[in-house]
Structure formats: C-alpha cells, structure tokens
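Overview (structure and organization)
Single-letter residue listing:
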Amino acid sequence: MPDPTRRTVVCGLLAGLVAPVSLAACSSGTPAAGSPPAGSAGNTPAGGGSSGTALAKLADVPVGSGAIVTGPSGKVLLVRPSENEVKGLDPVCPHAGVTVAKPEGGTITCPGHGSVFDAKTGAMKKGPATSGLTPIPVKISGDSIVTA
Ligand code: FES
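Since we're looking at a predicted model, the values are computed, not measured. Along each chain, residues carry numbers from 1 onward, in the same order as the chain's sequence is written. Reporting in this predicted model follows two pLDDT cut-offs: at least 70 for local features of residues, and 80 or more for side-chain atom pairs to be given and counted; totals over whole chains, interfaces and linings ignore these cut-offs and use all residues. With hydrogens and water set aside, each side-chain value is computed from the structure's full complement of heavy atoms.

**So, the overall build of the chain**
- Within the chain one finds 1 helix and 10 strands.
- Counting from the amino terminus, helix and strand elements in the chain follow one another as α-β-β-β-β-β-β-β-β-β-β.
- Considering the chain as a whole, with its 148 residues, one finds that 26% of them fall into the buried category.
- Only heavy atoms matter for contacts: two residues are in contact if any of them lie within 4.5 Å across the pair. The long-range fraction of contacts in the chain, counting pairs at least 24 apart against all pairs at least 6 apart in sequence, stands at 44%. Under the DSSP-based scheme used, a helix requires at least four consecutive residues in state H or I and a strand at least two consecutive residues in state E, with every element numbered from the N terminus. To sort residues, take the accessible area from a 1.4 Å probe on protein chains only and compare it with the maximum for the residue type: under 20% means buried, over 50% means exposed, and anything in between is partly exposed.

**What about the pattern of salt bridges?**
- Salt bridge, as used here: a side-chain nitrogen of Lys or Arg that lies within 4 Å of a carboxyl oxygen of Asp or Glu. Counted by the stated rule, this structure contains 3 salt bridges.
- Residue K57 is joined to D143 by a salt bridge in which the shortest nitrogen-to-oxygen separation is 3.6 Å. Residue K57 is located in strand 1 (residues 54–57), and its partner D143 is located in the loop between strand 9 (138–141) and strand 10 (144–147); the two are separated by 86 residues in the primary sequence.
- A relative accessible area of 41% means that K57 is categorised as partly exposed.

**Observations regarding the sheet that holds strand 7 (residues 124–126)**
- Here, a strand pair is defined by DSSP locating no fewer than two bridges between the strands. Read from one edge of the open sheet, 3 strands run 5-6-7, paired in antiparallel fashion. Edge positions in the open sheet fall to strand 5 (107–109) and strand 7, since each of these has one partner strand only. Taken pair by pair, the neighbouring strands of this sheet meet at an average axis angle of 35°, ignoring direction.
- Taken together, the 3 bridges between strand 5 and strand 6 (residues 116–118) define a ladder with antiparallel strand orientation. When the sheet's bridge partners are listed, I108 is paired in strand 6 with F117. Comment: axis = line fitted to C-alpha atoms, over the contacting stretch for helices; angle = value between 0 and 180 degrees taken between N-to-C directions.

**Considerations on the sheet that holds strand 4 (residues 85–89)**
- Reading across from one edge, 2-3-4-8 is the order of the 4 strands in this open sheet, with antiparallel pairing throughout. Lying at the two open borders of the sheet, with one neighbouring strand each, are strand 2 (66–71) and strand 8 (135–136).
- As judged from the 6 bridges shared by strand 2 and strand 3 (residues 74–82), these two strands associate in the antiparallel manner. Following the sheet pairing, T70 is matched in strand 3 by K75.

**A look at the confidence of the model for the chain**
- Of the residues in the chain, 66% reach a pLDDT of 70 or more, and the chain-wide mean stands at 76.
- The predictor attaches a confidence to each residue, called pLDDT, with possible values from 0 through 100. Confidence, expressed as mean pLDDT per element, reaches its minimum in the chain at helix 1 (residues 4–27) with 37 and its maximum at strand 7 with 98.
- Ignoring residues within four places in sequence, the model shows residues 1–46, a span with pLDDT below 50, making 10 contacts including any to other chains.

**Focus: unusual backbone geometry**
- For the bond running from G127 to P128, omega is 25°, close enough to zero to count as cis.
- With respect to the helices and strands, the residue P128 is situated in the loop between strand 7 and strand 8.

**As for the side chain of R80**
- By the secondary structure assignment, R80 is in strand 3.
- Taking relative accessible area as the criterion, R80 reaches 7% and is therefore assigned buried.
- Polar contacts involving the side chain of R80 include one to the main-chain carbonyl oxygen of E83, which spans 2.9 Å.
- Ignoring sequence-local partners within four residues, the contact set of R80 consists of L58, V61, P62, V63, G64, S65, E85 and V86. Polar contact is defined as a pair of N or O atoms within 3.5 Å, subject to the rule that within protein one atom must be able to donate a hydrogen and the other to accept it, and that residues adjacent in sequence are counted only when both atoms are side-chain atoms.

**Concerning the environment of A56**
- Note on placement: A56 falls in strand 1.
- Given a relative accessible area of 16%, A56 falls into the buried group.
- C-alpha of A56 to C-alpha of I68: the two residues are 12 residues apart in sequence and 9.5 Å apart in space.
- Residues within four places of A56 in sequence aside, it is in contact with V61, V69, L78, S144 and I145.

See below:
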C-alpha cells in the first residue's frame, strides 16, 4: 500500500504541472477585453501603406472618372472629381466583396448586386450595400498621385 504522504506529494506535483498548462490553454485564442479582433490590425484600410508611395500619374486618372491601381497594401480606386482633386477609395464593395467599377456619370456601380456609390465621396446611394466605400488617404504630389 502506498505511503499516503508520498501520494499527497505526487498529486501536488501533478496539480502544479497541469495548472500552468490549463491556464495557458484558457488564455490563448481569447482576446482580452478592449483589444481589437484578430486580423483587424487597427483601422488601416486596404491599399494604404506608407505615406508618399506613388500610385499613379495624375494624367492616368481622367477628371470625372477614375482608375483602379495597386497600392502598397492592395487595390485603390482613385477618383478625380475635379482637375485638382483626387480621392482614394477601397474598391471592395462592402456588401459582398465584389470589386466596383470605375466612376461613370457621377456614380460608382458594383457589378455584384447593383449597389451604387457617389463618385466624389464613395458614399452609398443605393443598396443592397449598407455603407459606402472606405476612404483611403491619397494626395497629389507634382504630376503623381501618392499615398497620404
Ligand atoms: S457585392 Fe456589391 S452589391 Fe453585392
């Protein structure tokens, strides 16, 4: 028959070994309160990236229209409402992720299910999307459009 003292010692050692593993298992995969969800990486929109990265020549984005280019973090829809104004938008439709078309006639249309967005701001004008296109900061620098 085992010595009760020895059994107590063995059980105490096992509890000491198992407890840290259990605690580690409980703490992994569960974000702490107030921390962003996995994969969010802050609020950096797609296509952004470091400031000053060239995206396109200004001449390649016609006034009243736009162009989809690839930025350091993904695609960017560049729209040019006027001669000296350029805006960047995430071309991924917020409804179901289809890439929207270039601006035409003052609007941007999604070929997926027909959502319509304002060509100057990306604001939603018609669903089924329930929000507008996400802005991506860009600016004019000389004869180029760069990340801002
Ligand atoms: S994905 Fe754009 S309207 Fe559905």
